[in-house]
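The chain contents come next:
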Amino acid sequence: VCQTTGLVALGQFVPKAQIPITMKKSGTKKEDTKEPKSEKDWSQTYSFGVRCPFDFDQPGQKGEKEEISGLKRVTRHPAFWTLSFLSAGVLFRTQHLTSVAMFSGPILTTLTCGYHMDWRLQRGYGGKLSEEALAKSSFIPFVALAEGRQSWNKLADEFKMSNAAVAGLMSGLLWVMRRGRAPLPTVQHTWKKV
């Protein structure tokens, strides 16, 4: 669960994936009619085009941009918490003490550096964290959403579902590979002594 959450959050940092082919419908008036009165008087044509497979339009670019948008609705430090969720996904399934020590590091870094960043920004060192932004956001993920300080609907509008689907698929493949079952058929070799 932690690793899937981390991968989905990581997918929100990159531009939205989209189908690279567009289809546009355009209507033109038929030759033999003077004034088109119904749909029968129009001929439909479709044109195909190629576009970039990534949508670089960020939420809030069209119109007034909000101070808090995207993953900042979930937490003030989305990059820190994404790394923490990814490392917790490994931490909770490891059996080695050295791996526990290694993958605990990002979680401790998130807690200490995130708190330190908030402390600095509230005092105006290296940036500014307004009282309004502080009141509308949270340090711990999903707290502001659960308390109603942020809107689930706005988060859903800004959420990149195609990226989340790819991240969920990757997480599922990792889970299958860890369980020892390959997602594709494998060839087994039998060795004979000569």
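All residue numbers refer to positions counted from 1 along the written sequence of the respective chain. With pLDDT at 70 or above as the cut-off, local features in this predicted model cover only qualifying residues; side-chain atom pairs require 80 or more to be listed or tallied, and sums for whole chains, interfaces and linings still use all residues. The basis for every side-chain value is the complete set of non-hydrogen atoms in the structure, without hydrogens or water.

**Some remarks on the packing of helix H2 (residues 78-91) against helix H3 (residues 97-122)**
We apply this condition: Helix axes are fitted only over the stretch in contact, all axes being lines through C-alpha atoms; the angle between N-to-C directions runs from 0 to 180 degrees. Strands here mean DSSP runs of E at least two residues long; helices mean DSSP runs of H or I at least four residues long; both are numbered from the N terminus. By the definition adopted for this analysis, an angle is roughly parallel if under 35 degrees, roughly antiparallel if over 145, roughly perpendicular if from 65 to 115, and oblique otherwise. For any pair of crossing helices, the crossing counts as left-handed if the nearer helix is rotated counterclockwise from the farther one by less than a right angle, and right-handed if it is rotated clockwise. Should any heavy atoms of two residues lie within 4.5 Å, those residues are counted as being in contact. All amino acids are sorted into three groups, where Ala, Val, Leu, Ile, Met, Phe, Trp, Tyr, Cys and Pro are nonpolar, Asp, Glu, Lys and Arg are charged, and the leftover types, Gly among them, are polar.
Direction vectors running N to C along H2 and H3 enclose 160°, while the axes themselves pass 8 Å from each other. Taken together, the axes of H2 and H3 lie roughly antiparallel to each other. In this structure, H2 meets H3 at a crossing whose hand is left-handed. Between H2 and H3, the residues in contact are Phe80, Trp81, Leu83, Ser84, Ser87, Ala88, Val90 and Leu91 and Val100, Phe103, Ser104, Pro106, Ile107, Thr109, Thr110, Leu111, Cys113, Gly114 and Met117, respectively. Residue composition of the contact of H2 with H3, by class: 13 nonpolar, 6 polar and no charged.

**Examining the confidence of the model for the protein**
Put simply, the rule is: Per-residue confidence from the predictor is given as pLDDT, running between 0 and 100.
Confidence in the prediction of the protein, expressed as mean pLDDT, is 80, and 77% of residues score 70 or more. Averaged pLDDT values for the elements of the protein fall to 67 in strand E2 (residues 21-29) and rise to 94 in helix H5 (residues 143-146).

**What about the packing of aromatic side chains?**
Here is the rule we go by: Each Phe, Tyr or Trp ring (for Trp, its six-membered ring) is paired with any other whose centre lies within 6.5 Å, and the angle between the two planes then decides the class: stacked below 30 degrees, edge-to-face above 60, tilted in between.
Tallying each qualifying case throughout the model produces 4 aromatic pairs. For the pair Trp81 and Phe85, a centre-to-centre distance of 6.3 Å together with 45° between the ring planes defines the contact as tilted. With Trp81 and Phe85 both in helix H2, this residue pair falls 4 residues apart, about one helical turn. Pairing Phe142 with Trp152 gives two aromatic rings, centres 6.5 Å apart and planes at 10°, and the pair type is stacked.

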